[in-house]
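So you can see what is in the structure, the chains are spelled out below.
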Amino acid sequence: FESKETPESWLMSIEVPGVKDEDLEIEVEDKILSVKGIKYNPLDEDTKKEFTKNFRLPESVDLEAIEAKLNHGILVVTLPKRLEKRSRKIEISTSDSVQATGTISKDTETTVAQ
């Protein structure tokens, strides 16, 4: 297999020549991606070879957004990265009728009273 990291995701390509999409199964459990498949002998349909490949996933993978595509014997699995919490600036109004608001960063647990 081969892998590549992009800013948004990791991409994995796995060669599975001669394997049909209905003979592949991909699942994730406890941060382990399992690719299972059955490859039939083209000369004898009764002869088959089963395989399983397991891959440990990084903590930052968004498990609910994993996608897989099979194209010409190459299985490409896209493992999107979770969006990190980003801070944003909050504008403070100077009007007497509006109370000031505060910013809560992900590093602090501050309660703002109103």
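Before reading further, recall that the structure is shown in the block above.
Bear in mind the structure is a predicted one, so any value in this text is a computation, not a measurement.

1. A look at the pairing of strand 7 (residues 74-80)
At step 1: Inspection of the sheet shows strand 2 (residues 9-15) paired to strand 7 by seven bridges, in the antiparallel sense. When the bridges of strand 7 are listed, Met 12 appears paired with Val 77.
At step 2: What sits between the antiparallel neighbours strand 6 (residues 67-71) and strand 7 is a turn of two residues, in which His 72 has the positive phi angle 55°.

2. Quick word on the nonpolar core
Soluble globular proteins tend to bury their nonpolar side chains together.
At step 1: In this structure, Met 12, Ile 14, Leu 75 and Leu 79 are the most contacted members of the largest nonpolar core, which totals 14 residues.
At step 2: Among the elements of the structure, strand 2, strand 4 (32-41) and strand 7 are those that each provide at least two residues to this core.
At step 3: If we skip the residues at most four places from it in the chain, Leu 75 touches Met 12, Ser 13, Ile 14, Val 16, Leu 24, Ile 26, Val 35, Ala 68, Lys 69 and Leu 70.

3. So, the pattern of salt bridges
At step 1: For the structure on display, the rule yields three salt bridges.
At step 2: The salt bridge involving Lys 36 is made with Glu 27; its shortest N-O contact spans 3.5 Å.
At step 3: Taking the shortest distance from any N to any O, the salt bridge between Lys 48 and Glu 50 comes out at 3.9 Å.
At step 4: The class of Glu 50 is exposed, set by a relative accessible area of 56%.

4. Some points on the packing of aromatic side chains
Centre distance and the angle of the planes are the two values used to describe a pair of aromatic rings.
At step 1: Throughout the structure, instances matching the rule amount to one aromatic pair.
At step 2: An angle of 70° between the planes, with centres 4.7 Å apart, marks the rings of Phe 1 and Phe 55 as edge-to-face. Of this pair, Phe 1 sits in the segment before strand 1 (2-5) while Phe 55 sits in strand 5 (residues 44-56), and the two are 54 residues apart along the sequence.
At step 3: Look at Phe 1 and you get exposed, because its relative accessible area is 60%.
At step 4: For Phe 55, a relative accessible area of 10% gives the class buried.
At step 5: Above the ring of Trp 10, the side-chain terminus of Lys 81 is found at 4.6 Å from the ring centroid.

5. Looking at the sheet that holds strand 5
At step 1: Taken together, three strands build an open sheet; the order of strands is 3-4-5 and the sheet is antiparallel. This sheet does not close on itself; its edge strands, each paired only once, are strand 3 (24-29) and strand 5. Within this sheet the neighbouring strands show an average axis-to-axis angle of 15°, counted without direction.
At step 2: In the sheet, strand 3 pairs with strand 4 via six bridges, with the strands oriented antiparallel. Along strand 4, the bridge assignment pairs Ile 26 with Val 35.

Definitions and cut-offs
Residues numbered from 1 in each chain as written. Predicted model: local features only at pLDDT ≥ 70, side-chain atom pairs only at ≥ 80, totals over all residues. Heavy atoms only, no water. Pairing = 2+ DSSP bridges. Helix = DSSP H or I, 4+ residues; strand = E, 2+ residues; numbered from the N terminus. Core = buried A, V, L, I, M, F, W, Y, C linked by side-chain atoms within 4.5 Å. Buried < 20%, exposed > 50% of the residue type's maximum accessible area, 1.4 Å probe, protein only. Contact = heavy atoms within 4.5 Å. Salt bridge = Lys/Arg side-chain N within 4 Å of Asp/Glu carboxyl O. Phe/Tyr/Trp six-rings, centres within 6.5 Å; stacked < 30°, edge-to-face > 60°. Lys NZ or Arg CZ within 6 Å of the ring centre and 35° of its normal. Axes fitted to C-alpha atoms, helices over the stretch in contact; angles between N-to-C directions.

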